[in-house]
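Topology and contacts: notes
These are the residues of each chain, in order.
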Amino acid sequence: MGILLTIAIGVIADKITSFILQRLVRNFRSKTKTQAFKDTPEDMLRPLAMLVMAAIWWLGLNLLALPDQVMIVLLVAVKILAGIAGVWGAYRLVDLVTLYLHYQADKTDNKVDDVLVPLIRKTLKVFVTVVGITFIASNLNLNVSSLLASLGLGGLAFALAAKDVVQNLIGSITVIMDQTFHTGDWVVVNDIEGSVEEVGLRSTKIRTFYDSLITIPNALFITAKVDNMGQRRYRRLSLSLIHI
């Protein structure tokens, strides 16, 4: 009964806190003078409500004086919930920052920042994911360093897989530094022709004129010949006049 009561109180607190946070976000959107923040989702602060629920469960379970084996299982579950809520909250913070960066990028004529903003967003989310996994593992009393060291032959396979990741990352940096193309440019890469929709850390998405979406690994751009039609200074038109 004590466990059920603790869970119920936590769920009720989660719903109430979520409702209050949504009201705060609505008031913030209506009063902010920054246009970018007016598009903030109402559930932006939803992870904080989950953290409140996890905190109530933690306090309630410690007050129940349950057997050690039961406490270990329940508290581990609460730690995992808190870790997930923390990672989710960090994701929302990254989304808020990139929302502002997108707004600032749209105000400039430079197209480089239009490519950099999605890359920054994905890089930060990868970083948050790694930190979150490490945090959860440490709270579960897992030795992360010894776990990685015990991979053995698996580390070789990981290194081989990481080779492609590094090549794709270098390819994306090459595109940005050389300004090979920007979002919206009409490009021809080998036998692929279309409009650039998105440049990511691993791949670039091109919308063809048949309305299909092709994903190209960024490592290809290190050696590939890219014909950027969007950078033409003029268009040559050839006409044949027939005299009647």
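The structure contained in this document is the topic of the report that follows. Remember, predicted model here, so these are calculated numbers, not experimental data.

**Side note on the pattern of salt bridges**
Counted according to the given criterion, the structure contains 4 salt bridges. One salt bridge in this structure joins D14 and R46, with 2.8 Å as the shortest N-O distance. Of this pair, D14 sits in helix α1 (residues 2-31) while R46 sits in helix α2 (residues 46-64), and the two are 32 residues apart along the sequence. Overlapping salt bridges, with partners in common, bring together E197, R207 and D211 in one network.

**Comments concerning the nonpolar core**
Core analysis: the largest hydrophobic core is formed by 11 residues, namely V175, F181, V187, V189, I192, V196, V199, I206, I216, F221 and A224. The set of elements that each furnish at least two residues to this core consists of β1 (186-189) and β2 (192-199). Among the elements that take part in this core, β2 stands out by supplying 3 residues, more than any other. Counting 10 residues, the second-largest nonpolar core is a separate cluster that includes M53, A54, L61 and A85.

**So, α1**
Its 30 residues give α1 an end-to-end C-alpha distance of 43 Å, which sits within 8% of 44 Å, the value for a rise of 1.5 Å per residue. Within the sequence span of α1, burial applies to T6, G10, A13, D14, T17, S18, L21 and V25. Buried residues along α1 sit in contact with α2.

**Some details on the side chain of R92**
Tracing the backbone shows R92 in helix α3 (residues 68-106). On the accessibility criterion, R92 (14% relative accessible area) is buried. If near-sequence neighbours (up to four positions away) are discounted, R92 is found in contact with D43, M44 and P47.

**Brief notes about the pairing of β1**
In this sheet, β2 lies alongside β1 in antiparallel orientation, the contact comprising 4 bridges. Residue pairing in the sheet places V189 in a bridge with I192 of β2. Two elements, β1 and strand β5 (residues 226-228), share 3 bridges in a ladder whose sense is antiparallel. By the bridge assignment for β5, V188 is matched with D227.

**Notes on the pairing of strand β4 (residues 213-217)**
As defined by bridge partners, strand β3 (residues 203-208) adjoins β4 across 5 bridges and the pair is classed as antiparallel. The residue of β4 that forms the bridge with S203 is P217. Between β3 and β4, which pair antiparallel one after the other, the connecting turn spans 4 residues, and D211 there sits at a positive phi close to 70 degrees.

**Some points on the environment of L64**
Of note, L64 is situated in helix α2. In contact with L64, not counting residues within four places along its chain, are G2, I3 and T6.

**Here's the deal with the sheet that holds β1**
Think of a sheet as strands paired side by side through backbone hydrogen bonds, with each pair either parallel or antiparallel. In space, the 5 strands of this open sheet follow the order β4-β3-β2-β1-β5, with antiparallel pairing throughout. Every other strand in the sheet has two partners, leaving β4 and β5 as the edge strands with one partner each. Across the sheet, the axes of successive neighbouring strands diverge by a mean angle of 40 degrees, strand direction being ignored.

**Here we look at unusual backbone geometry**
When glycine is set aside, most residues are seen to have a negative phi, and most peptide bonds are trans. The phi torsion at N190 lies on the positive side, around 55 degrees, for a residue other than glycine. Structurally, the position occupied by N190 is in the loop between β1 and β2. Judged by relative accessible area, which is 49%, N190 ranks as partly exposed. Non-glycine residue D211 carries a positive phi angle of around 70 degrees.

So, how was this worked out
- Residues numbered from 1 in each chain as written.
- Predicted model: local features only at pLDDT ≥ 70, side-chain atom pairs only at ≥ 80, totals over all residues.
- Heavy atoms only, no water.
- Salt bridge = Lys/Arg side-chain N within 4 Å of Asp/Glu carboxyl O.
- Helix = DSSP H or I, 4+ residues; strand = E, 2+ residues; numbered from the N terminus.
- Core = buried A, V, L, I, M, F, W, Y, C linked by side-chain atoms within 4.5 Å.
- Buried < 20%, exposed > 50% of the residue type's maximum accessible area, 1.4 Å probe, protein only.
- Expected span 1.5 Å × (residues − 1).
- Contact = heavy atoms within 4.5 Å.
- Pairing = 2+ DSSP bridges.
- Axes fitted to C-alpha atoms, helices over the stretch in contact; angles between N-to-C directions.

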